[in-house]
Amino acid sequence: MATTESDRLQRIMAEEEMTARQFAEEVGIQAGTLSNIIKGRNKPSLDVLQKVLNRFRTISSDWLILGVGAMYRQKNDSQQPVLFDIPPEVDSESTPYADLSSEYSAPSVNEKPRKSVFTPAEKTIERKVKKVVVFFDDGTFQEIAR
């Protein structure tokens, strides 16, 4: 038997051991809106579903919206913000940009440094650091504001 969005929202409430009022407050919607969805008067809007997914990051969007797959995401499939996703292997013959990295490699240690394009006649601009961003090898990042 196919489940409805209402059934799936009720299942989240049951799994999280929340009342409808608590759930609505956690998600950021009106209790009346949730009541109408549960009673079948209204279907949840995309905004409501996004709020649910934003609050419950481990819930699978495919499950919530389409009723497909498992309720919870796999560990490596979370919605945590990731700055750099690791791309799949690139086929160098079909991708026109595959060999650009060799063209723009860093200079070797024995190579003479290139002349600077900066000349003393140019105006120096005073700058201060506002933010530092640290990138981790797992693809996440952390901002350190001043």
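All of these numbers come straight from a predicted model, not from anything done at the bench.

Caption draft 1: Summary view of helix α1 (residues 5–15). Within the span of α1, buried status applies to E5, S6, R8, L9, I12 and M13. Considered in projection along α1, the buried side chains sweep an arc of 165° and stay on one side of the axis. Buried residues along α1 sit in contact with α2 (20–27), α3 (31–38), α4 (46–55) and α5 (61–66). Count one or two residues on from α1 and you reach E17, which has phi positive near 55°.

Caption draft 2: Quick look at the nonpolar core. Core analysis: the largest hydrophobic core is formed by 19 residues, its most contacted members being L9, I12, F23, V52, F56, I59 and L64. Once you skip the residues sitting within four places of it in the chain, V52 turns out to touch L9, I12, F23, V27 and L64.

Caption draft 3: Focus on the confidence of the model for the protein. Taken over all residues, the pLDDT of the protein has a mean of 77, while the share at 70 or more is 64%. In this model residues 97–104 is a low-confidence stretch, pLDDT under 50, and it forms 1 contact with partners more than four residues away in sequence or in other chains.

Caption draft 4: Region of interest: the packing of α2 against α3. Orientation of α2 relative to α3, taken along the N-to-C sense of each, is 120°, at an axis distance of 9 Å. Judged by the angle between their axes, α2 and α3 are oblique. The element α2 and its partner α3 pack so that their crossing is right-handed. Taken together, the residues of α3 that come into contact with α2 (itself represented by A20, R21, F23 and A24) are A31, L34 and I38. Of the residues belonging to the contact of α2 with α3, the class tally is 6 nonpolar, no polar and 1 charged.

Caption draft 5: Just unusual backbone geometry, in detail. The phi dihedral of E17 falls on the positive side, at around 55°, and the residue is not glycine. Checked against the element boundaries, E17 lands in the loop between α1 and α2.

Caption draft 6: The pattern of salt bridges, seen in detail. Summed over all chains, the structure comprises 4 salt bridges. Between D47 and K51 there is a salt bridge, with the nearest N and O atoms lying 3.6 Å from each other. Of this pair, D47 and K51 both sit in helix α4, 4 residues apart, which is roughly one turn of the helix. Given a relative accessible area of 29%, K51 falls into the partly exposed group. Of the charged contacts in the structure, one is a salt bridge between K131 and E143, with a shortest N-O distance of 3.3 Å. On the criterion of sequence distance, the pair formed by K131 in strand β1 (residues 131–135) and E143 in strand β2 (residues 141–145) is long-range, its members being 12 residues apart. On the basis of relative accessibility, which here comes to 47%, the residue K131 falls in the partly exposed class.

The rules we used
Residues numbered from 1 in each chain as written. Predicted model: local features only at pLDDT ≥ 70, side-chain atom pairs only at ≥ 80, totals over all residues. Heavy atoms only, no water. Buried < 20%, exposed > 50% of the residue type's maximum accessible area, 1.4 Å probe, protein only. Helix = DSSP H or I, 4+ residues; strand = E, 2+ residues; numbered from the N terminus. Arc of directions from axis to C-beta. Contact = heavy atoms within 4.5 Å. Core = buried A, V, L, I, M, F, W, Y, C linked by side-chain atoms within 4.5 Å. pLDDT = per-residue confidence, 0-100. Axes fitted to C-alpha atoms, helices over the stretch in contact; angles between N-to-C directions. Parallel < 35°, antiparallel > 145°, perpendicular 65-115°, else oblique. Left-handed = near helix turned anticlockwise from the far one by under 90°. Nonpolar A, V, L, I, M, F, W, Y, C, P; charged D, E, K, R; others polar. Salt bridge = Lys/Arg side-chain N within 4 Å of Asp/Glu carboxyl O.

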